[in-house]
Amino acid sequence: MWPNASSLGPCFRPMNITQEERRLIASPWFAASFCLVGLASNLLALSVLMGARQGSSQSRSSFLTFLCGLVLTDFMGLLVTGAIVVTQHFVLFEWQTVDPGCSLCHFMGVIMVFFGLCPLLLGAAMASERFLGITRPFSRPATASQRRAWTTVGLVWASALALGLLPLLGVGHYTVQYPGSWCFLTLGTDPGDVAFGLLFALLGSVSVGMSFLLNTISVATLCHVYHGQATAQQRPRDCEVEMMVQLMGIMVVASICWMPLLVFIAQTVLQSPPAMSPTGQLSRPTERQLLIYLRVATWNQILDPWVYILFRRAVIQRFYPRLSTRSRSLSLQPQFTRRSTIH
């Protein structure tokens, strides 16, 4: 693929790094602790979600289904990628020796893209579901069920997987990244690499942008209904406020964790002169930036479950006691005021 590159496989680029440097950069204990904390956080969130789904309303049940899909995705992402990375950090194996045919590298590249895009796409799907539920309460079928929500989650998983498989079909390449412990898309000048990098960055950015737009409209609608003088009897239910607080938290976490990496990928593949040399080498500062941004993005999988755990109604009521005194039987849907007649 590159002149003078390794003949072992297409996933190996020239990378001048010593074993001692790798040991200093990749701490096995930090990686293991990071994964264990993330897995425990997601398991805790799943257990809380299972209890919350009992007896929940129709709209809340659908929202909790999306949350289950998100937490399951984060859990599996940490479990699968963590197993590879932690093992590499402890053993410090040479990737060329263990995986000369690049099968493991291709597998890791696919799951990195898959588990990276899924939270962003699920966030956009959740924002769309809440947008319709708040602004168009009568436009959705009354029989909206968990099955429909799970179907949407399945479509998101299928879309992310289809994108992750593109390099195996010839659009872009997965290569071993600095410091030699993980695989990801290539920030090169090959048209396929540029197209795949831009597609990944664009899809992720559009998902974040869509979430921001729809959530902003939904929150504005809630505030309008809540403070409207002529609609005093149309107060939002506690669960509506709770879901929007959680959704806003998920959106903020995704934006902070992922946007730096997405912007960096787009800038690097479009950079002139190219960031990658004809031999497939990236400058050390560029490699370090990519590693730092990837580590920041990985925090999304740990913070997502805590957004749900901490922003539940029971926790919010401790800081905002008025939430527990409002009637929970009131909804966003228009209500007809019955006029009393005097006989």
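The protein chain appears in an unreviewed UniProt entry as Thromboxane A2 receptor from Rangifer tarandus platyrhynchus. Quoted verbatim from the Subcellular location (unreviewed entry) heading of the UniProt record, the comment on the protein chain is "Cell membrane".

### Let's talk about the pairing of strand β2 (residues 182–185)
One ladder, built from four bridges, connects strand β1 (residues 174–177) with β2; its direction is antiparallel. Residue pairing for β2: Tyr 174 is matched across the bridge by Leu 185. The turn joining β1 and β2, which pair antiparallel and follow one another in sequence, is formed by four residues; a positive phi near 90 degrees is taken by Gly 180.

### Comments concerning the environment of Gln 301
Here Gln 301 lies in helix α10 (residues 300–310). When the C-alpha positions of Gln 301 and Asp 74 are compared, they lie 5.0 Å apart, and in sequence the two are 227 residues distant. Beyond its immediate chain neighbours, meaning those up to four positions away, Gln 301 contacts Asn 42, Asp 74, Gly 77, Leu 78 and Phe 115.

### What about the layout of surface pockets?
One number sums up the size of the largest pocket: a volume of about 590 Å³. In this structure, the largest pocket is lined by 30 residues; those nearest its centre are Phe 34, Val 85, Leu 294, Arg 295 and Thr 298. Elements that contribute at least two residues to the lining of the largest pocket include exactly α2 (28–52), α3 (58–91), α5 (103–135), β2 and α9 (284–298). Among the elements that line the lining of the largest pocket, the one with the most residues is α5, at six residues. For the lining of the largest pocket, a count of residues per class yields 21 nonpolar, eight polar and one charged.

### Some remarks on the pattern of salt bridges
Tallied over the entire structure, the rule returns two salt bridges. A salt bridge links Glu 129 to Arg 130; the nearest nitrogen and oxygen atoms lie 3.0 Å apart. According to the relative accessible area criterion, Arg 130 is buried, its value standing at 0%. Of the charged contacts, one joins Arg 284 and Glu 287 as a salt bridge, the two residues approaching to 3.2 Å between their closest N and O atoms. Placement of both Arg 284 and Glu 287 in helix α9 is noted, with a separation of three residues, approximately one turn of the helix. Judged by its relative accessible area of 22%, Arg 284 falls in the partly exposed class.

The rules we used
- Residues numbered from 1 in each chain as written.
- Predicted model: local features only at pLDDT ≥ 70, side-chain atom pairs only at ≥ 80, totals over all residues.
- Heavy atoms only, no water.
- UniProt positions renumbered as here; feature names shortened; annotations may be inferred.
- Pairing = 2+ DSSP bridges.
- Helix = DSSP H or I, 4+ residues; strand = E, 2+ residues; numbered from the N terminus.
- Contact = heavy atoms within 4.5 Å.
- 1 Å grid on protein atoms, 1.4 Å probe; cavity = no way out; pocket = protein on both sides within 12 Å on 5 of 7 lines; lining within 4 Å.
- Points joined across faces, edges and corners; volume = space filled by probe spheres on them.
- Nonpolar A, V, L, I, M, F, W, Y, C, P; charged D, E, K, R; others polar.
- Salt bridge = Lys/Arg side-chain N within 4 Å of Asp/Glu carboxyl O.
- Buried < 20%, exposed > 50% of the residue type's maximum accessible area, 1.4 Å probe, protein only.

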